[in-house]
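Understanding the architecture of this molecule
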Amino acid sequence: MNENLLNYNKAIAFIQKGHYAEAENLLRTLAQTGHALSNWALGLVYAATGRPVAALIQWEKVSPDEVAAVPDKIGRLQATLQTYEKIFTLYNEAIEKASQKDFASLPQLFLDLFEQGKGMPLPVEIYKGWFLSLLACGDINQFNKALEEVPEYVRNDTAIKAISLKVKESELGSAANRAENKAVSKKHRFVRMGLLAGAAILMLSTGIAVERFLDNDSAKPVSSKEIPERSSLEFVNQEKALKEQIASLEKENSALQSEMDNQSAELQQKSETVGLLELADVNIENIKENGAFKQYRSGLENYRSGQYQTAVEKFEKSISLSKTPFFADDAHFFLIQSAIKSGDDQKAITEIEAFLKESDGNSDSYHQSPYLDDVMLMRAESYLESGDQENGIEWLDRIETEFPNEWTAKKAKSLRVK
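The structure contained in this document is the topic of the report that follows. (Residues numbered from 1 in each chain as written. Predicted model: local features only at pLDDT ≥ 70, side-chain atom pairs only at ≥ 80, totals over all residues. Heavy atoms only, no water.)

Here the focus is the overall build of the protein chain. The secondary structure content of the protein chain amounts to 24 helices and zero strands. Sequence separation of 24 or more characterises 62% of the internal contacts of the protein chain that already satisfy a separation of 6 or more. Accessible surface, the protein chain as shown: approximately 20400 Å² in total, 48% of it carbon and sulfur. (Helix = DSSP H or I, 4+ residues; strand = E, 2+ residues; numbered from the N terminus. Contact = heavy atoms within 4.5 Å. Areas by Shrake-Rupley, 256 points an atom, 1.4 Å probe, with all protein chains shown as cover.)

Below is the structure:
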């Protein structure tokens, strides 16, 4: 059996079992080879997992002749974009409140968000923010209840599993202490829970981007009639050592080890905090990649509405933040198109050269990009138009050799005849 077909069937089997992450990994690789049905299926995964813009990008590569349902799916998905924007606005508001240490208002804000997104697939990052807000408020019981009620794809997410594991470890640690010492002090348990809450505070304050959206199960809001009256900031204020730890983490992660070495025996639980931060994927590369996607999405909207100069600026910001994610070549290709449509030919040539340079490097996103032959053809045409026949012919030769079955090869051949 053809390897592409075999992997495609594997991906479909993963989808049927609800293993969306595994299916996505296979389909992304296949889609980069130009496998049309993989673009269609990958779009379905993105749509089902709450990534409407990514889904639309994939479906735009699929002809209605290949999949008749494409136009209908695109129309239905576009109708949800406004609602998604409202949801993301509420989420960003929650992150802003967290950055201002206004943790007490977060639970109700997340409940409002869930109500707005009722019946729609919501990003796992939103659930992560919800869980962290509960931990920041010290409400472990509500966290456990919420974890039981959310969709299965949320519980299966790696970061959510990591947070859940840390909570369980903390609870088991408290139980072990009680077994060893029936008179275990409230202060000791307080510090243990305080460390967990402190890590949640830092992650919420740092911000969690909303671009990684997962699964199509209906989001089930976690109902809660009671919002904890005490904010976790009170915990921090009651334990000077814990406050120093959080301040240290906020200022400079590299200073964490030396700061924690000076803490009391109670603060030797630092490994839990560090582990939670690492397992929750709070790192600068993640933030850059999410920021790159937001700029790309915004630029694509400008491009579609004819605001080409603004689109150029957005796409430039996207690729300046990160050139490694799967959408990097999309952003760069539309940057070239935007420059052309805005009349800036020199900018277009500069970016064409930059795109081709990336494709010769180690970036899979560029090396296997479905736009590569299109960009190569644009470079050949620019050489021919400038009168540089030698370089122009060289690029035409490459296109015919490397992409013999693509339309660009036929175009290259016709340009050679001229």
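Glancing now at the packing of helix H8 (residues 124-136) against helix H9 (residues 140-149). It is at 8 Å that the axes of H8 and H9 come closest, and there the two elements cross at 160°. Considering their axes alone, H8 and H9 lie roughly antiparallel with respect to each other. Remark: the crossing between H8 and H9 carries left-handed chirality. Here Trp130, Phe131, Leu134 and Leu135 of H8 lie close against H9, whose contacting residues are Ile140, Gln142, Phe143, Ala146 and Leu147. Among the residues making up the contact of H8 with H9, the classes are represented as eight nonpolar, one polar and no charged. (Axes fitted to C-alpha atoms, helices over the stretch in contact; angles between N-to-C directions. Parallel < 35°, antiparallel > 145°, perpendicular 65-115°, else oblique. Left-handed = near helix turned anticlockwise from the far one by under 90°. Nonpolar A, V, L, I, M, F, W, Y, C, P; charged D, E, K, R; others polar.)

Right, let's talk about the packing of aromatic side chains for a bit. Tallied over the full model, the rule gives 18 aromatic pairs. Note on Phe114 and Trp130: the rings are 5.9 Å apart at their centroids and 85° apart in plane angle, and the pair reads as edge-to-face. In this pair, Phe114 is assigned in helix H7 (residues 106-116) and Trp130 in helix H8, connecting sequence segments 16 residues apart. Across this residue pair, the class does not change: Phe114 and Trp130 are buried. Here the aromatic residues Phe293, Tyr296, Tyr303, Tyr308, Phe315, Phe327, Phe333, Phe334 and Tyr371 are joined through ring pairs into a cluster of three or more. If you follow Arg379 out to its NZ or CZ, it ends over the ring of Tyr383, 3.8 Å from the centre. (Phe/Tyr/Trp six-rings, centres within 6.5 Å; stacked < 30°, edge-to-face > 60°. Buried < 20%, exposed > 50% of the residue type's maximum accessible area, 1.4 Å probe, protein only. Lys NZ or Arg CZ within 6 Å of the ring centre and 35° of its normal.)

Side-chain pairing between opposite charges can occur once the charged atoms of the two side chains come close. Under the criterion given, the structure shown has 11 salt bridges. In this structure, the salt-bridge partner of Glu85 is Arg297, at a minimum N-O distance of 3.9 Å. Highlighted residues: Glu85 in helix H6 (residues 81-99) and Arg297 in helix H17 (residues 284-304), separated in sequence by 212 residues. What makes Arg297 buried here is its relative accessible area of 11%. What emerges from the salt-bridge pattern is a single network uniting Glu24, Arg28 and Arg51. (Salt bridge = Lys/Arg side-chain N within 4 Å of Asp/Glu carboxyl O.)

Let's shift gears to empty space enclosed by the protein. This model, assessed by the stated rule, comprises six cavities of 30 Å³ or more. A volume near 170 Å³ is recorded for the largest cavity. In terms of lining, the largest cavity is formed by 18 residues, of which the most central are Gln32, Gln58, Lys61, Phe326 and Asp330. Within the residue set of the lining of the largest cavity, elements represented by two or more residues are helix H2 (20-31), helix H3 (36-48), helix H4 (52-59), H17 and helix H19 (328-341). Its residues placed into classes, the lining of the largest cavity shows 10 nonpolar, four polar and four charged. (1 Å grid on protein atoms, 1.4 Å probe; cavity = no way out; pocket = protein on both sides within 12 Å on 5 of 7 lines; lining within 4 Å. Points joined across faces, edges and corners; volume = space filled by probe spheres on them.)

The next subject is H9. Where H9 is concerned, the buried positions are Ile140, Gln142, Phe143, Ala146 and Leu147. Along H9, the residues classed as buried sweep out an arc of 155° about the axis, all on the same side. Looking at H9, the residues exposed on the side facing more than 90 degrees away from the buried face are Asn141 and Glu148. (Arc of directions from axis to C-beta.)

Membership of the largest hydrophobic core comes to 39 residues, with the highest contact counts inside it found for Tyr296, Phe315, Phe334, Phe355 and Val375. Elements with a minimum of two residues in this core: H4, H17, helix H18 (308-321), H19, helix H20 (345-359), helix H22 (372-385), helix H23 (389-402) and helix H24 (407-417). For this core, the element with the highest residue contribution is H22, accounting for eight residues. Look past the residues within four positions of Val375 in its chain and what remains in contact with it is Phe333, Ile336, Ile352, Phe355 and Leu356. Among the nonpolar cores identified, the runner-up in size contains 37 residues, and Tyr84, Leu134, Leu135 and Ala146 belong to it. (Core = buried A, V, L, I, M, F, W, Y, C linked by side-chain atoms within 4.5 Å.)

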